[in-house]
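# Fold and contact review
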Amino acid sequence: MDDLKSKYLGLIGNAADEAALEDIRLQAVGKKGEVALKMRELGKMTPEERQVMGPALNALKDEINSALTAKKVALEDAALDERLRGEWLDVTLPARHRRQGTIHPISQVSEELSAIFADMGFAVAEGPQIDSDWYSFDALNIPGHHPARAEMDTFYMHRAEGDDRPPHVLRPHTSPVQIRAMEKIGAPIRVIAPGRVYRADYDQTHTPMFHQVEGLAIDKDISMANLKWVLEEFLSAFFGKRVKTRFRASHFPFTEPSAEVDVQCRWENGSVTVGEGDDWLEVLGSGMVHPKVLQNAGIDPQEWQGFAFGIGIDRIAMLKYGIPDLRAFFDADLRWLRHYGFASLDQPNLHGGLNR
Ligand code: PHE
């Protein structure tokens, strides 16, 4: 009995891995193991012998089993130690440098202005960049012969020969989204619609594709005073300081009365600063939505009224971030993007300007 014990405890102590340990277990305390064989011999013994040998064999079995368990735990610990040593990682090593892209100033400014208008209760609406002449012109009270159509330098999408339907256009402004939003939502409504617009024009201050944000607010008694407040609030929040504005009487077929809005600025050595000085720079067109436009969008002008505006996004981005040439916006020059672009975690201070 004692030799069995020392034999197996020795084997267990020297087992190299869990597979070897399992072999020892079967050999010692398995169904056909050595201890089981001894148990079977109990039947041939005298009751006196059995009384001694029975408990002794059970104790031996227990001892071997606990030695097996203890060794198994020890082997597992050793395996884990080994793995940890092999997969050790120096987290203090400096990270490999990876170049990150930047956020284009137009995307940044679109986010900024959407957040400011959202604070004032405006939702964001969208419309197609290729649109019909109904949405782009007629619904906006710009009839076929109207000079505004020619003035907008519109790109036409020509139809196949023999197709007499009027051509679609690359939208020359975001105003068609006014009509689409009113058709979809009805009144009351408060939306902005930022997006791309297209006009056949190219010089230092004009590119054939540029960006506008349309604004529209229709309710029972919206007035020009609300328009002025919303625009001044927006400009101050956007530029981060109280910006003086100048409302100049103007004309758009889709608003009556209409006003163009200038912001106060100073020109110095070819660069411009907003919010100081004695110069003025035009940044947007606006006015009270023409009754015919409401009607064209299915809204009763006897019951509802409101304002609309269209702001040049590229223009205000240039002013805020001191970008001198509009054309560089769309050259996709990586050096320019690295200089004027924004890190993805840059969060603009959107609320400072709204605190008086
Ligand atoms: N759509 C006009 C433009 O592109 C701007 C505008 C929008 C004016 C809304 C008045 C009201 O010049």
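Residues numbered from 1 in each chain as written. Predicted model: local features only at pLDDT ≥ 70, side-chain atom pairs only at ≥ 80, totals over all residues. Heavy atoms only, no water.

## Description of the domain arrangement of the chain
- The domain boundaries assigned to the chain delineate domain 1 (2-86) and domain 2 (105-355).
- Put simply, the middle of domain 1 and the middle of domain 2, counted by C-alpha atoms, are 85 Å apart. (Domains from an automatic or database assignment.)

## Things to note about helix 5 (residues 105-119)
- With 15 residues, helix 5 extends 21 Å between its outermost C-alpha atoms, agreeing within 8% with the 21 Å of an ideal straight helix rising 1.5 Å per residue.
- Among all positions in helix 5, only Pro105, Ile106, Gln108, Val109, Ser110, Glu112, Leu113, Ser114, Ile116 and Phe117 are buried. (Helix = DSSP H or I, 4+ residues; strand = E, 2+ residues; numbered from the N terminus. Expected span 1.5 Å × (residues − 1). Buried < 20%, exposed > 50% of the residue type's maximum accessible area, 1.4 Å probe, protein only.)

## Structural notes on the environment of Arg199
- Topologically, Arg199 is positioned in the loop between strand 5 (189-198) and strand 6 (209-219).
- Accessibility expressed as a relative area gives 22% for Arg199, which makes it partly exposed.
- Residues Arg199 and Arg171, spaced 28 residues apart in sequence, show a C-alpha to C-alpha distance of 8.2 Å.

## Brief notes about the side chain of Asp262
- Tracing the sequence through the fold places Asp262 in strand 8 (residues 255-268).
- A polar atom in the side chain of Asp262 sits 2.7 Å from the side chain of Arg248.
- Residues contacting Asp262, with those up to four places away along its chain left out, are Lys244, Thr245, Arg246, Arg248, Trp280, Leu281 and Glu282. (Polar contact = N/O pair within 3.5 Å; in protein donor to acceptor, adjacent residues only side chain to side chain. Contact = heavy atoms within 4.5 Å.)

## Quick word on the nonpolar core
- Leu113, Phe117, Phe234, Phe307, Phe309 and Ile316 are the most contacted members of the largest nonpolar core, which has 44 residues in total.
- Ranked by residue count, the leading element in this core is helix 9 (residues 224-239), at eight residues.
- The residues contacting Phe309, other than those within four sequence positions of it, are Phe117, Val213, Glu214, Gly215, Leu227, Val230, Leu231, Leu284, Gly285 and Ser286.
- If you look at the next biggest cluster of nonpolar residues, it comprises 27 residues, including Ala125, Ala139, Ile142 and Trp304. (Core = buried A, V, L, I, M, F, W, Y, C linked by side-chain atoms within 4.5 Å.)

## Some words on the sheet that holds strand 2 (residues 130-131)
- In space, the three strands of this open sheet follow the order 2-4-3, with antiparallel pairing throughout. What marks the edges here is a single partner per strand, and that holds for strand 2 and strand 3 (155-157).
- Inspection of the sheet shows strand 3 paired to strand 4 (residues 168-170) by three bridges, in the antiparallel sense. Each bridged residue has a counterpart across the sheet, and for Tyr156 the counterpart in strand 4 is Val169. (Pairing = 2+ DSSP bridges.)

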